[in-house]
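As a plain string of letters, each chain reads:
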Amino acid sequence: MQSLNADAADVVDVADASVTANLPRDMDAEEAEPREECGVFGVWAPGEDVSKLTYFGLFALQHRGQEGAGIAVGDEGRIVVFKDSGLVSQVFDEAILDALQGDVAIGHTRYSTAGSQKWENVQPMFRTSPDGTDVSLAHNGNLVNYRTLQNEAIRRKLVPAEGVEGQGSSSDTAVVSALLADGVRDGRTLLDAARDLLPTLKGAFCLVFTDGNTLYAARDPHGVRPLSLGRLEQGWVVASETAALDITGASFVRDIEPGELVAIDESGIHTERFADSTPKTCVFEYVYIARPDSVVEGQTVNATRLEIGRRLSHVAPVDGDIVMPVPESGTPAAIGYAEESGIPFAQGLMKNAYVGRTFIQPSDTLRQLGLRLKLNPVREIIEGKSLVVVDDSIVRGNTQRKLIRMLREAGAAEVHVRIASPPVKWPCFYGIDFASPGELIANNAGGDDEAVAENICRVIGADSLAFVSIDDMVASTGKPAASLCAACFDGHYPLGLPEHNANADAVRRIQEGM
């Protein structure tokens, strides 16, 4: 995560001192969007080109992680892994995929949570068990008992002690991989090892792993992150989102249940439970993370975002000329707002579809372009208009500030911002890379939700600002509130807080003082 020092040095000129006193110093720095951490994909399909199926599946999951990508392919128990930093299209080419031949494959797109951005932390992980079995594993989520697991792996000399550099990965996935592979010994299978290990994992996790013959998938007992099962003509697919099933030609069968372990091989599908199910699906999957064309727990993401927009139009109406989204994640909510309000919908911002992670560092001059590398206003749509701008969330606020400045430079008469989620006030410890509590603009704006909106509005330079409420957001999902995790909005952490974590310690201090 980035660390921004709280200071009032360079805050926006329209903000008053009472609001700016606690805002981050670097308000003009490029703000990282909430990072979704990871996407996982697995396929068991003898006779099919499993490496290319995985490649296309990872393309569908690219939005969930852009720091690294990897594919592990198993052929009669032998596993070959290819992985590197960068986007899927940067890591793989035709020759590499042709070299990855087998009947089973797993793949991963990554953002870092536990562990730095070094090559060793790119997934899938690979280990050899004490009896010589190849084991590869990919993980989406974050474990709250990582330190306990790490200490056990260190005690068993499976990973290096903390602080020892240059000796492999430091991620929670590396620790889980080491413990899992170490259980394959003395005649015990990978399934036996998984049965022992999975109940000891605490937190959010979706796992795909293989011994080169069988594809395994497991989902934590709370089902925080989505994981779906699909059917191919000659095999099976497991993926973080149903959109990846669609792209690979797999038909959706069902979601992997919370607390379920699935094994797929030539004998078919074997499924069992390693824990009771207590669903706490991440509500931010519906708001921001998942693709609009994905289905999460039976509810289409697009339908949820449309409904949020409709509700926003009622609770935060405005007399505007056009409703326009901040593409892409703000588009469905903007459509819902426009349809319900009767205000025309227009694409006033064009997104450069080819801007992704780049290894080319811009000069100071080019860095000033900032947001324009990603978004550019359409002046003929914007000029002289009162705009209703719909975005998915506000985290630090500096992106919205620069966006509003850009819209005013393009001739906007008024800019009214509507946010399709409540104020983000708490960090996520279950697989999303939010800022620390002190870096979140909603925590520095002060007061109740209405005062927070008014203060942030002044900071970002909008004519008005409104958020959807937690109740309306939850209602839009069609799911009971008790089955969702909304910790980043309400501070209630159903899976607990991680051990020995600075941000978690900050949250504990805040909660103790409330």
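Criteria and thresholds
- Residues numbered from 1 in each chain as written.
- Predicted model: local features only at pLDDT ≥ 70, side-chain atom pairs only at ≥ 80, totals over all residues.
- Heavy atoms only, no water.
- UniProt positions renumbered as here; feature names shortened; annotations may be inferred.
- Helix = DSSP H or I, 4+ residues; strand = E, 2+ residues; numbered from the N terminus.
- Contact = heavy atoms within 4.5 Å.
- Polar contact = N/O pair within 3.5 Å; in protein donor to acceptor, adjacent residues only side chain to side chain.
- Pairing = 2+ DSSP bridges.
- Axes fitted to C-alpha atoms, helices over the stretch in contact; angles between N-to-C directions.

Asker: Lay out the UniProt feature "binding site: Mg(2+)" (unreviewed entry) in the chain in plain terms, naming residues and giving numbers.
Answerer: As annotated in UniProt, the feature "binding site: Mg(2+)" (unreviewed entry) corresponds to Ser329, Asp391 and Asp392 in the numbering used here. A maximum C-alpha distance of 7.3 Å is found for the annotated residues, which run over 64 residues; spatially they form one tight group. Take serine 329: it is sitting in the loop between β17 (322-325) and α11 (331-341). Residues contacting serine 329, with those up to four places away along its chain left out, are Tyr288, Arg305 and Asp392. Polar side-chain contacts of serine 329 include one of 2.4 Å to the side chain of aspartate 392. Positionally, aspartate 392 belongs in the loop between β20 (386-391) and α14 (398-409).

Asker: Can you tell me about the sheet that holds β20, naming the residues and giving the values?
Answerer: One open sheet holds the 4 strands; their spatial order is β17-β20-β21-β22, and the pairing between them is parallel. Of all the strands in the sheet, the pair left with one neighbour each is β17 and β22 (464-467). Neighbour-to-neighbour, the strand axes of this sheet turn through a mean angle of 20 degrees, independent of strand direction. The sheet contacts of α11 involve β17, β20 and β21 (414-419), and relative to β17 the element is tilted by about 165 degrees.

Asker: Please set out unusual backbone geometry residue by residue, giving values where relevant.
Answerer: The step from glutamine 123 to proline 124 runs through a cis peptide bond, and the omega angle for that step is 5 degrees. Mapped onto the fold, proline 124 is located in the loop between β4 (104-110) and β5 (125-128). The peptide bond linking proline 327 to glutamate 328 adopts the cis configuration, its omega dihedral lying at 0 degrees. With respect to the secondary-structure elements, glutamate 328 resides in the loop between β17 and α11. Of note in this structure, glutamate 76 is not a glycine but carries a positive phi near 55 degrees. With respect to the helices and strands, the residue glutamate 76 is situated in the loop between β2 (68-75) and β3 (78-85).

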